Amino acid sequence: MPAKAITIAQQKGGAGKTTIAAQLAVTFAHQGRKVGLVDIDPQGSLAAWYDIRKMLVDEAGGGITFIQASGWRLATELDRLRRGVDLILIDSPPHAETDVRIAVRAADLILVPMQPTPLDLWATQPTLDMAKKEKSAAVMVFNRTPPKGKLVDAVRRKIIEAEMPVAATVLGNRVAFAASLMEGKGVIETNPRHTATKEIKALADEIAGRMGL
Ligand SMILES: Nc1ncnc2c1ncn2[C@@H]1O[C@H](COP(=O)(O)OP(=O)(O)O)[C@@H](O)[C@H]1O
Ligand SMILES: [Mg+2]
């Protein structure tokens, strides 16, 4: 069966798309899945991470096949990749360009990271609308979540009231997520017992459950 795909999308820059794409890719790879990681962001920050990974972890990418694709090649490259891996993760740029639409359409699940603040919640709507239009299931995930607070609870309540889909797992504001990327790794490799690792594993499990993986 061709691999299922997850697209990480959010029009707001800095929401954590690239961080979560790399962290989830490593986490799923550690479960023994062959992971395909796709960067459609011309900024190419995932490519830089993957180059370091090939140098410091393993020449073959440590369980992850990486491709950078955009424009007319994107749909074909995705189809080809689907036949060679178990699961695909697609990182996307912050603007609603054609490529993002293709990636959203191709995905079985759209993961929409957001900081739990009103501005970030409002900024998320266009991405959810796009997912709906392309008939792809979407789920928001709180990222860089402060330890506790009324604001986080209030934002979650608003989301639930609006019957918008939100992951039960939340990711905290943790330097380990960024620091591990410096070494071409994920937190599961650099800090196996860290809270960040528990969080990303829980998110991977929740996603796998939602997608029937
Ligand atoms: N959970 C987190 N905890 C701490 N820092 C984070 C977290 N998620 C993202 N960051 C940091 O936030 C910044 C933006 O993240 P990035 O993944 O590049 O967002 P995007 O791809 O959506 O623009 C980066 O500096 C990254 O290291
Ligand atoms: Mg990014």
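As shown above, the structure is provided for reference.
Conventions we followed
- Residues numbered from 1 in each chain as written.
- Chains lettered and ligands numbered in written order.
- Predicted model: local features only at pLDDT ≥ 70, side-chain atom pairs only at ≥ 80, totals over all residues.
- Heavy atoms only, no water.
- Helix = DSSP H or I, 4+ residues; strand = E, 2+ residues; numbered from the N terminus.
- Pairing = 2+ DSSP bridges.
- Axes fitted to C-alpha atoms, helices over the stretch in contact; angles between N-to-C directions.
- Contact = heavy atoms within 4.5 Å.
- Buried < 20%, exposed > 50% of the residue type's maximum accessible area, 1.4 Å probe, protein only.
- Near = heavy atom within 4 Å.
- Areas by Shrake-Rupley, 256 points an atom, 1.4 Å probe, with all protein chains shown as cover.
- Phe/Tyr/Trp six-rings, centres within 6.5 Å; stacked < 30°, edge-to-face > 60°.
- Lys NZ or Arg CZ within 6 Å of the ring centre and 35° of its normal.
- Left-handed = near helix turned anticlockwise from the far one by under 90°.

Draft legend 1. Looking closely at unusual backbone geometry. Phi at Arg-144 takes a positive value of approximately 55 degrees, unusual for a residue other than glycine. Position of Arg-144 relative to the elements: it lies in the loop between β6 (137-142) and α6 (150-161). Even without being a glycine, Glu-163 presents a positive backbone phi close to 55 degrees. Within the fold, Glu-163 resides in the loop between α6 and α7 (175-182).

Draft legend 2. Geometry of the sheet that holds strand β1 (residues 4-8). Ordered in space as β3-β2-β4-β1-β5-β6, the six strands form an open sheet in which the pairing is parallel. Since the sheet does not close on itself, it has two edges, and those belong to β3 (64-68) and β6, each with one partner. Across this sheet, the average inter-strand angle for adjacent strands is 20 degrees, counted without regard to direction. Direction of pairing for β1 relative to strand β4 (residues 87-91): parallel, over a ladder of five bridges. Its bridge partner being in β4, Ile-6 is matched across the sheet by Leu-89. Helix α2 (residues 45-56) contacts β2 (35-39), β3 and β4 of the sheet and is inclined by roughly 145 degrees relative to β3.

Draft legend 3. Structural detail: the environment of Lys-201. On the secondary structure map, Lys-201 appears in helix α9 (residues 195-211). Judged by relative accessible area, Lys-201 falls into the partly exposed class, the value being 41%. Here the alpha-carbon distance between Lys-201 and Val-187, two residues 14 residues apart in the chain, equals 9.8 Å. Among residues more than four places away in sequence, those in contact with Lys-201 are Thr-27 and Ile-188.

Draft legend 4. Fine view of the site of ligand 1. Taken together, 14 residues sit near ligand 1, with Gly-14, Thr-19, Asn-143, Gly-172 and Arg-174 positioned nearest. Alone, ligand 1 offers 560 Å² of accessible surface; in the complex the protein occludes 75% of this. For the shell around ligand 1, the leading source of residues is helix α1 (residues 17-30), giving three residues.

Draft legend 5. How the structure looks around the pairing of β2. Counted residue by residue, β2 has five buried out of five residues, so it is predominantly covered. Residue alternation in β2 divides its side chains into two sets, Val-35, Leu-37 and Asp-39 and Gly-36 and Val-38, and both sets are buried. The pairing of β2 with β3 spans five bridges and is classified as parallel. Its bridge partner being in β3, Gly-36 is matched across the sheet by Thr-65.

Draft legend 6. Focus on the packing of aromatic side chains. Under the counting rule described, the total for this entry stands at one aromatic pair. Directly above the aromatic system of Phe-142 lies the positively charged group of Arg-156, at a separation of 4.8 Å from the ring centroid.

Draft legend 7. Representation of the packing of α1 against α2 in the model. Two elements in contact, α1 and α2, have axes separated by 10 Å at closest approach and are oriented at 35 degrees. For the element pair α1 and α2, the recorded crossing hand is right-handed. Residues Thr-18, Ala-21, Ala-22 and Val-26 of α1 lie in contact with α2, whose contacting residues are Ser-45, Leu-46, Trp-49 and Arg-53.

These figures capture arrangement, not role.
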